[in-house]
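# Secondary and tertiary structure notes
Listed below are the residues making up each chain.
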Amino acid sequence: MKVLLISFSHYPTLQNYLYLLKKNLIKQNVQVYTLGDSCISTTYDTLDNSYFVDNIDNASPSLKNGKLYFQQRKRIHSIIDNIAPDIVLFTSKHIWNFMMMPYLRKRGLRVFHVFHDPIGHAGTNVSKGVILYNKAISRFLYGIIVHSDISFENTVKYIKPVCEIRKVPLGEKKWLPYRQPQDFNKRLLIFGRISTYKGCEFIPRLAEELMKRNVDCKLIVAGKALSDVDKNLLDGIRKCRNVELRNEFIPESELHEYFYSTDASLILHKSISQSGVIIDAYRHGHPIICFDIDGISEFITPDTALAVAKFDLSAMADTILKFYNDFNQYANMSFGAYEYGRNLFSEDKMAALILDFFRDKIQGEQKR
């Protein structure tokens with residue numbers, strides 16, 4: 001079987017997904033090719049049979065994006081023709097994916113797509129566009145891959161595709177050796193892109209609640225703020241005495257230091273379908289402190305996380321205070337999070353189940 005994996009994303013996390021999946025499919029004796037962004041930001045080897053095209057730092061429809069695609073269309077078509085894949089899998093959304101569909105259909109190729117966020121996230125500017133994209137592209141698809149129960153449910157309810165949807169575990173990172181904590185760092189981490197759906201407006205209020213209780217810890221907020229975040233809110237976060245804000249893209253080379261110098265990860269999300277931050281937290285032995293929002297229960301247990309009533313910042317501050325009163329409980333949760341995450345977010349299992357999906361669809365086709 002020849003499989004072509006495509007992602008035009010510049011994000012390191014999505015490039016990691018692409019090339020780690022490639023590596024694990026190769027282990028399954030699959031002939032795998034990739035087509036990706038020429039600006040390489042992955043921490044993993046791109047391996048043999050990798051092709052690259054020039055792209056811009058934006059996956060949405062735009063005049064610049066359209067012009068750049070048509071400049072490279074011949075080369076893209078030539079790459080696909082030379083590979084002659086049995087399967088094409090788009091591992092992330094991009095307007096170029098949609099623009100390629102008429103050609104892929106003309107060639108009679110079996111096309112699959114990963115829907116990471118089937119309906120986007122509440123409160124973001126792009127959520128309506130995500131739904132429109134997924135609805136439009138689903139008409140061309142042979143199968144859809146999702147990574148959570150809530151993504152499966154949202155795809156069925158809002159996208160209504162005619163093709164099959166298959167849920168597989170999300171395995172976008174290699175697991176790390178476990179580091180046992182020796183003492184509290186008295187620092188909690190809020191990591192990743194700063195956005196409204198991630199509850200960034202809760203940060204100043206939570207910081208205030210922690211100050212009221214004299215909780216000896218600092219909130220470390222590390223990530224680039226998106227355009228939907230008000231400048232006044234960022235100024236408010238910056239002024240909090242018990243908050244350290246780094247409003248910039250965090251390179252992968254610095255990721256380990258952020259997690260290993262903090263005790264746990266705060267997840268303040270208002271909505272969730274899957275979370276690379278939870279994966280990173282678990283692989284670094286971080287317990288989770290979060291709100292009990294829809295979809296979160298799939299990724300946490302009482303041994304790995306402390307979940308409080310939805311958006312109750314007073315309860316969250318009380319929970320953090322108790323968290324810092326019991327180091328033994330923290331040490332046990334740290335190892336529990338590491339082990340649970342290693343099983344839940346297995347890179348090998350993701351590749352094996354995606355391959356099963358491809359084979360099931362081909363065998364089903366041959367029986368008709």
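Attention in this report is confined to the structure presented alongside it. Everything numeric in this text was worked out from a predicted model, so none of it was measured. Residue numbers here run from 1 along each chain, matching the order of that chain's written sequence. For a predicted model such as this one, the threshold for reporting local features is a pLDDT of at least 70, and the threshold for listing and counting side-chain atom pairs is 80 or more; totals across whole chains, interfaces and linings nevertheless cover every residue. For the side-chain quantities, the full set of heavy atoms in the structure was used; hydrogens and water were omitted.

## Looking at the overall build of the chain
- Along its length, the chain carries 12 helices and 13 strands.
- Against the compact-globule benchmark of 21 Å for 368 residues, the chain has a radius of gyration of 21 Å, which places it among compact chains.
- In terms of principal-axis extent, the alpha carbons of the chain reach across some 65 × 40 × 35 Å.
- Exposed residues in this analysis have more than 50% of their type's maximum accessible area, buried residues have under 20%, and partly exposed residues fall in between, with area computed by a 1.4 Å probe over protein chains only. Burial analysis of the chain (368 residues in total) assigns 56% to the buried set.
- Counting contacts in the chain only where the partners sit at least 6 residues apart, residues at least 24 apart contribute 71% of the total.
- For the chain, the exposed area adds up to about 16,500 Å²; of that, 49% sits on carbon and sulfur atoms.
- Counted as positive: Lys and Arg. Counted as negative: Asp and Glu. His and the chain ends are not counted at all. Just so you know, the charge point we use is NZ for Lys, CZ for Arg, CG for Asp and CD for Glu. Computed over 48 positive and 40 negative side-chain charges, the inter-centroid distance for the chain is 7 Å. By definition, any uninterrupted DSSP run of H or I lasting at least four residues is a helix, any uninterrupted run of E lasting at least two residues is a strand, and each is numbered from the N terminus. It is over C-alpha atoms that the radius of gyration is taken, and the globule rule equals 2.2 Å times the number of residues to the power 0.38. Between two residues, a contact is recorded if the distance between any of their heavy atoms is within 4.5 Å. For the accessible areas, the method is Shrake-Rupley and the probe is 1.4 Å, while residue cover comes only from the protein chains on display.

## Structural notes on the packing of aromatic side chains
- Here is the rule: rings of Phe, Tyr and Trp (six-membered ring for Trp) pair when centre to centre is within 6.5 Å. Planes less than 30 degrees apart are stacked, more than 60 are edge-to-face, and the remainder are tilted. What the rule picks out here adds up to 25 aromatic pairs.
- Ring plane angle 50 degrees and centroid distance 5.1 Å describe the contact between Y178 and Y338, whose orientation is recorded as tilted. Placement of Y178 in the loop between β7 (164–167) and β8 (187–191) and of Y338 in helix α11 (residues 327–344) is noted, with a sequence separation of 160 residues between them.
- Its relative accessible area of 5% is what places Y338 among the buried residues.

## Observations regarding the sheet that holds strand β2 (residues 31–37)
- DSSP-based pairing: two strands are paired if at least 2 bridges between them are found. Pairing within the open sheet is parallel, and its 7 strands lie in the order β3-β2-β1-β4-β5-β6-β7. The open sheet is flanked by β3 (50–53) and β7, the only strands paired with a single partner. Pairwise comparison of adjacent strand axes, ignoring direction, gives a mean angle of 20 degrees for this sheet.
- Bridge analysis of strand β6 (residues 143–146) against β7 gives 4 bridges, and the strand direction is parallel. What sits directly across from G143, in β7, is E164.
- As a rule, the C-alpha atoms of each element are fitted with a line to give its axis, helices using only the stretch in contact, and angles between N-to-C directions run from 0 to 180 degrees. Packing of helix α1 (residues 12–27) onto the sheet brings it into contact with β1 (2–7), β2, β3, β4 (87–90) and β5 (110–114), and relative to β2 it is tilted by some 170 degrees.
- Of the strands in this sheet, β6 and β7 touch helix α5 (residues 149–159), which is tilted by about 170 degrees from β7.

## Concerning the pattern of salt bridges
- Salt bridge, as applied in this entry: a Lys or Arg side-chain nitrogen positioned within 4 Å of an Asp or Glu carboxyl oxygen. Tallied over the full model, the rule gives 19 salt bridges.
- Across the salt bridge formed by E298 and K167, the nearest N and O atoms sit 3.0 Å from each other. Pair noted here: E298 is in the loop between β12 (288–291) and β13 (305–308) and K167 is in strand β7, with a separation of 131 residues, a long-range link.
- You can call K167 partly exposed: its relative accessible area is 37%.
- Between D318 and R213 there is a salt bridge, with its nearest N and O atoms 2.6 Å apart.

## Focus on empty space enclosed by the protein
- Here the term cavity refers to a set of points on a 1 Å grid, laid over the protein atoms alone, in which a 1.4 Å probe fits but cannot get out; the term pocket refers to an open set having protein on both sides within 12 Å along at least five of seven lines, with lining residues being those that place an atom within 4 Å of a point. Grid points are joined across faces, edges and corners, and a volume is the space filled by probe spheres set on the points. Under the counting rule described, the total for this entry stands at 1 cavity of 30 Å³ or more.
- Counted as a void, the largest cavity has a volume near 120 Å³.
- Lining the largest cavity are 16 residues, and of these I190, F191, R193, K198 and H269 lie nearest its centre.
- Contributing elements (two or more residues each) for the lining of the largest cavity: β8 and β11 (264–267).
- Lys, Arg, Asp and Glu make up the charged group, whereas Ala, Val, Leu, Ile, Met, Phe, Trp, Tyr, Cys and Pro make up the nonpolar group; the residues left over, Gly among them, are polar. Tallied by class, the residues present in the lining of the largest cavity amount to 10 nonpolar, 4 polar and 2 charged.

## Examining the side chain of R283
- As for its placement among the helices and strands, R283 is situated in helix α9 (residues 276–283).
- According to the relative accessible area criterion, R283 is buried, its value standing at 5%.
- Here the side chain of R283 touches K174 through a polar contact of 2.9 Å, landing on its backbone oxygen.
- Any pair of nitrogen or oxygen atoms within 3.5 Å is treated as a polar contact; in protein, a donor-acceptor pairing is required on top of that, and neighbouring residues in sequence qualify only through side-chain atoms on both sides. At a separation of 2.8 Å, a polar atom in the side chain of R283 contacts the side chain of D280.
- Non-local contacts of R283, meaning those with residues more than four positions away in its chain, are made with Y44, K173, K174, W175, L176, L255, H256, Y260 and Y338.

## Some words on the sheet that holds β11
- With respect to topology, 6 strands assemble into an open sheet ordered β10-β9-β8-β11-β12-β13, the strand pairing being parallel. Two strands in the sheet have a free side with no partner beyond their single neighbour: β10 (243–246) and β13. Direction aside, the axes of adjacent strands within the sheet are offset by 20 degrees on average.
- Bridge count for β11 against β12 is 3 bridges, and the pairing is parallel. Counted as the bridge partner of S265 is I288 from β12.

## Digging into the environment of Y340
- Counting through the fold element by element, Y340 comes out in helix α11.
- For the pair formed by Y340 and F327, sequence separation is 13 residues and the distance between their alpha carbons is 20 Å.
- Excluding its chain neighbours within four sequence positions, the residues that come into contact with Y340 are Y282, E298, F299, I300, T301 and T304.

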